[in-house]
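# Architecture and fold: a report
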Amino acid sequence: MPDKKPISSVNDFVVRFANVNGSGSASANEMFARAILRHGVPVSPRNIFPSNIQGLPTWYEVRVTEAGHLGARGGVDMMVAMNPQTWDKDVAGIEPGGYLFYDSTKPMPSTKFRDDITVIGVPLTAITNSTYTDPRQRQLFKNIIYLGSLSALLDMDPKLIEQLIGEQYKGKEKLLSSNVHALHLGRDWALQNLKCPTGLRVKKSDKVGDRIFIEGNSAAALGAVYGGATVCAWYPITPSSSVAEAFTAHCKKYRHDPATGKAKYAIVQGEDELASIGIVIGASWNGARAFTATSGPGISLMTEFIGLSYFAEIPAVIMNIQRAGPSTGMPTRTQQCDIIACAYASHGDTKHVLLFPEDPAEAFEFAAAAFDLAERLQTTIFLMLDLDIGMNHRLCRPLKWDDAKQYDRGKVMTAEMLDEGRDFGRYLDVDGDGIPYRTYPGTHPTKGSYFTRGTSRDRYARYSEEGTVYADNMQRLVRKFETAQDLVPRPLQANAERPTKYGVIYFGSTTPAMDEAIGLLEARGHQLDRLRIRAFPFHSSVASFLAEHDFVYVVEQNRDSQLRQLIVNENGIDPVRLVPIVHYDGSPITARFIAKAIGDHQDHLKVTPLRKAMS
Amino acid sequence: MTYIAKPKFHHPGLKKNELGYTHRDYEGKISTLCAGCGHDSITASIIEACYELSIEPHRVAKISGIGCSSKTPDYFLGNSHGFNSVHGRMPSVLTGANLANRDLIYLGVSGDGDSASIGFGQFAHSIRRAVNMTYIVENNGVYGLTKGQFSATADRGSKSKKGVTNTDNAIDLVAIALQLGATFVARSFSGDKTQLVPLIAAAIRHKGASFIDVISPCIAFNNHAGSTKSFDYVREHNDAVNRLDVLVGRDPIAVDYAPGTVQMVEQHDGSKIALRKIDADYDPHDRLGAQTFLQKHAAKGQIVTGLLYVDPDAEDLHEHLNTVETPLNTLEADTLCPGSAVLDKFNASLR
């Protein structure tokens, strides 16, 4: 018996699987998460994996959360320790009173355990070796066997797991039955030899509703399909590669002409990120909707072209699945660290539109919207995801599409308009919104052609190095960026129950942790109004929110509080009133972290209220 | 003389092509390059080739990188859209443009700095991908706009205007294009319009990646003794393998060539190239032979010109990607968006 009371919790705990990369554990672990969902209980899983294909440690963490807290929680209630390399660290990471599940085939010295946890040994290797002879089978079925044991230990309904196995191996009868067999091997051994269930239990509920379970990268890629992207050029880079791969898969399903079998899309794996963005710019210049997906190092390489897109006013959509930088940084760890790099990408005076989706559902919506925005504004639109949203399955509302929706192709002058005698100046602001008309190449035999260049030119696209002509154009670009403010998704505000002088600003993948943290802070007596920023340029409501509060916390996942810098810079406000709350170790931010950081600051404020002390 | 606006009027008796366009309809703005620049001769040849082929000027997209050569698209086909993009990145921009609309003619204009140095990778990969384009390098072996530095095509041992000897090996873009699978490969000389005009015309009619390396002396920085890209040097060392004529909808018998020395090549679009062979043994359908021939002559200090290789049945990137015949840039939501019913099913598969 452990010297600490075992944790007892129904539908609210964290299970972490410690595995070796390439051992085939990922699909068994994902099945575990899905099985809990089938119980009607929300889960929030996260892959914690190395920049490696085989051999290095990898973890899969499943937060079981009836309350629907989808951010990372921190701490581990049950560790499924399948990796000897990380044993010590894994065992040390278990919460007091927690559980350790391990392969007990080989005896372990007692010093390898802890007194304050419940140790559960299942002779997985012995069971697999006595059942299977093929080494690969032994490895793969071992994963299903531990899944079976866990189902007994956590009181899960085995029928729901069998159902999932059935769906996964539909039409592959042999694989199906052998997986079900392995599941029961593990389950039966646990039922016969161990105290089942433990204090951690899964109980059927109805909290999942009609929500779907999807990775942000796949949702963003589908958004590109729905948004009418026809050209995709990309270069492999973690954690963005699965965007292009998902786009390819979605297109194969949805974008082939049924009669001819021909593709209504073109996907090119470029030789590098320079070529990828070049292809996107060329295609967009020629009137197709085009995008690329990349991550920080790719953004660095693309910046020259991004400046061209800004200055020559060519639409482009760049999905940036952020990872920890700088340089190669931590390629498989999450951060929101490219805010400044993207907002002001390229040399000279530039500004770019950024969209910050909170989850896969918004990634889908914003990805589709990005193409309308890019063509309306004739500039680069960044869809700012990160590894946490992009590469993890996330429970989110179902994806929605309005069939009445037509694409906004922006201001394009047609041959008919040119024949009517409309004045065409490629950089002429006819409507006062800073957005000029463009023509597609090949539109008209004698009218509407122009020479696109990254050099300075006048309103009629004629080369000019005149200072006034240059400044006139730069001013128009500022007007265009102001127009963008009202076209991009607006911030969402949620006020505390009682009026408060304190606010918090956050964005993107921080959202679920922030939502949960609000509850924790309220329990500590702290009331905060919330503003979730969904795009740059900032809508005027951001300035109002800042004006309405004495202190505003800006919560983000980078070292230098980049969003805060952007807010200070763009709104010209006193930085002292914006308190940075930053988390940047590469793991996803947690509610516990936010609540502690803000709570401590709030407590401090209450001890010596700044205003009173000053007066 | 660039301050003088180009007059728009022209002689009423000016010859017209099949579409009723005159030569003037294929011209652009007045060149801002140095008087006598080889690039201007290439511009003139492009104008001539497009006129001869009766191409609708606005159906050509002219795309370039950065440098003297990349400025030239402003000087021809004034009714075409042009794109003076990023240094060394013409190939990717052109690839994207081509993917968006397969119905236009794509003319990529680049220089030796643009294609052999900063854009060497993009040059290589656009050729590999078989983008349907005519890729012209205006090759003078020197950086003109930045005043006379060697480029990567400058021959080892050649001297700069300031007297510096180049110690780096030269990149032969023609050899690379052959190796990478270009399906139309030629070299010419800006001072040899008779050879160059039909080569450009044939390249435009060719479906697939056409590459033409045009030696184009820089009269400001690379036309001195000791240079291997000067007018005098190229004229002395030029070894033409063939001369050609492009026949579109014309009877080949009308061409006045002695039988036995003319080889007819029918391209994918039905146009014919009449090759007047100078080197009797030269076979323009033999990629390996072309590579050997090129290397042997290079070793002897000779610059081989003419149509070095052509595959008349080449495929292009669109065929490799199996894209629809309709240009992608014309497709709208009704054909691109799978709709809400499909999305509902997709959602259901994720529960």
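When you go through chain A residue by residue, the secondary structure sums to 20 helices and 23 strands. In terms of overall size, chain A behaves like a compact globule, its C-alpha atoms giving a radius of gyration of 27 Å where 615 residues would be expected to give roughly 25 Å. Based on the C-alpha atoms only, the size of chain A along its principal axes is roughly 85 × 80 × 40 Å. Evaluated residue by residue, chain A yields a buried proportion of 53% over its 615 residues. Long-range contacts, defined here as pairs at least 24 residues apart, represent 76% of the contacts in chain A between residues at least 6 apart.

Scanning chain B from terminus to terminus reveals 12 helices and 13 strands. Whereas a compact globule of 351 residues would reach a radius of gyration of roughly 20 Å, chain B reaches 21 Å, a difference of no more than 12%. Across the 351 residues in chain B, those meeting the buried criterion constitute 56%. Contacts in chain B between residues at least 24 apart in sequence constitute 71% of all its contacts with a sequence separation of at least 6.

Once that is clear, we can look at unusual backbone geometry. Cis geometry is adopted by the peptide bond preceding A:Pro239, which originates at A:Thr238 and carries an omega value of 5°. Along the chain, the position of A:Pro239 falls in the loop between strand 10 (231-234) and helix 8 (241-254). Following A:Phe536, the chain continues into A:Pro537 via a peptide bond in cis, with omega recorded as 10°. By the secondary structure assignment, A:Pro537 is in the loop between strand 21 (535-536) and helix 17 (540-548). In the Ramachandran plot, A:Asp155 falls in the positive-phi region, its phi being about 60° despite a non-glycine side chain. If you trace the backbone, A:Asp155 turns up in the loop between helix 4 (135-153) and helix 5 (158-168). Since 15 C-beta atoms lie within 10 Å of it, A:Asp155 is described here as partly exposed. Its identity as a non-glycine residue notwithstanding, B:Lys147 has a phi of 75°, on the positive side. Considering the arrangement of structural elements, one finds B:Lys147 in the loop between strand 5 (142-143) and strand 6 (149-150). Residue class for B:Lys147 comes out exposed when judged on the 11 C-beta atoms lying within 10 Å of it.

This brings us to the sheet that holds strand 11 (residues 266-269) of chain A. All names here are of chain A. Spatial strand order, 11-10-12-13-15-14-21: 7 strands in an open sheet with mixed pairing. The sheet is open, and its two edges are formed by strand 11 and strand 21, each paired on a single side. Across 2 bridges, the pairing between strand 10 and strand 12 (residues 290-294) is parallel. Bridge pairing in strand 12 links Val231 to Ala290. Contacts from helix 7 (residues 216-226) reach strand 12, strand 13 (316-322) and strand 15 (380-386), with the element oriented near 155° to strand 15.

Attention now moves to the interface of chain A and chain B. Contacts between the two partners involve 53 residues from chain A, matched on the other side by 48 residues from chain B. For the side of chain A that touches chain B, the elements supplying multiple residues, two or more each, are strand 9 (212-215), helix 7, strand 10, strand 11, helix 9 (273-285), helix 10 (296-312) and strand 17 (451-453) of chain A. When residues of the side of chain A that touches chain B are assigned to their parent elements, the largest contribution, 9 residues, is made by helix 9 of chain A. The residue inventory of the side of chain A that touches chain B, partitioned by class, reads 31 nonpolar, 13 polar and 9 charged.

Attention now goes to the sheet that holds strand 23 (residues 578-582) of chain A. Strand-to-strand pairing in sheets goes through backbone hydrogen bonds, with the strands running parallel or antiparallel. All names here are of chain A. Read across the open sheet, the 5 strands follow the order 18-20-19-22-23; overall the sheet is mixed. What marks the edges here is a single partner per strand, and that holds for strand 18 (492-494) and strand 23. Taking the axes of each pair of neighbouring strands and ignoring which way they run, one obtains an average angle of 20° across the sheet. Relative to strand 20 (residues 529-533), strand 18 runs antiparallel, the two sharing 3 bridges. Bridged to Gln493 within strand 20 is Leu531. Helix-sheet contacts for helix 18 (residues 562-571) involve strand 19 (502-507), strand 22 (551-556) and strand 23, and the interaxial angle to strand 22 is about 135°.

Further remarks concern helix 5 (residues 120-128) of chain B. Among the residues of helix 5 of chain B, those classed as buried are B:Gln122, B:Phe123, B:Ser126 and B:Ile127. In an axial view of helix 5 of chain B, the angular spread of the buried residues amounts to 130°, which keeps them on one side of the axis. Residues of helix 5 of chain B that are buried sit in contact with helix 9 of chain A together with helix 3 (90-100), helix 4 (112-118), helix 6 (173-180) and strand 8 (209-215) of chain B. Immediately downstream of helix 5 of chain B, the backbone of B:Ala130 shows phi near 60°, a positive value.

Residues and elements named next belong to chain A. As a packed pair, helix 1 (residues 25-38) and helix 5 sit with axes 9 Å apart at the nearest point and diverge in direction by 120°. Between helix 1 and helix 5, the angle is such that the two are oblique. As helix 1 packs across helix 5, the resulting crossing turns out to be right-handed. Here helix 1 contributes Met31, Arg34, Ala35 and Arg38 to the contact with helix 5, which in turn contributes Leu160, Ile161, Gln163 and Leu164. Considered class by class, the residues forming the contact of helix 1 with helix 5 number 5 nonpolar, 1 polar and 2 charged.

Bringing the pairing of strand 7 (residues 118-122) of chain A into the picture now. The side chains of a regular strand alternate, residue by residue, between the two faces of the sheet. Residues and elements named next belong to chain A. Covered by surrounding structure in strand 7 are Thr118, Ile120 and Val122 only, the residues Val119 and Gly121 on the alternate face being uncovered. Strand direction decides the pairing type here: strand 6 (residues 94-103) and strand 7, joined by 5 bridges, are parallel. Paired with Phe101 across the strands is Ile120, a residue of strand 7.

What counts and how
Residue numbering note: each chain is counted from 1, following its sequence as written. Lettering for chains starts from A, numbering for ligands starts from 1, and both go in the order in which the items are written. The predicted origin of the model limits local features to residues at a pLDDT of at least 70 and limits the giving and counting of side-chain atom pairs to 80 or more, whereas totals for whole chains, interfaces and linings rest on all residues. Helical segments are the DSSP runs of H or I of at least four residues, strand segments are the runs of E of at least two, and each set is numbered from the N terminus. Note that the radius of gyration is over C-alpha atoms, with the globule rule given as 2.2 Å times the number of residues to the power 0.38. Whether a residue is buried, exposed or partly exposed follows from its count of other C-beta atoms within 10 Å of its own C-beta, namely 20 or more, 12 or fewer, or something in between, respectively; the C-beta atoms are built from the backbone. Each residue gets a C-beta atom placed from its backbone, and two residues are in contact if those atoms lie within 7 Å. Whether two strands pair comes down to DSSP finding at least two bridges between them. All axes are obtained by fitting lines to C-alpha atoms, using only the stretch in contact for helices, and the reported angles, taken between N-to-C directions, cover 0 to 180 degrees. When residues are sorted by character, Ala, Val, Leu, Ile, Met, Phe, Trp, Tyr, Cys and Pro go into the nonpolar class, Asp, Glu, Lys and Arg into the charged class, and all the rest, Gly among them, into the polar class. In this description, one arc is meant: the one made by directions from the helix axis to the C-beta atoms. Orientation categories follow fixed angle ranges, with anything under 35 degrees roughly parallel, anything over 145 roughly antiparallel, 65 to 115 roughly perpendicular, and all other angles oblique. Crossing handedness is defined as follows: a turn of the near helix away from the far one that is anticlockwise and smaller than a right angle gives a left-handed crossing, while the clockwise case is right-handed.

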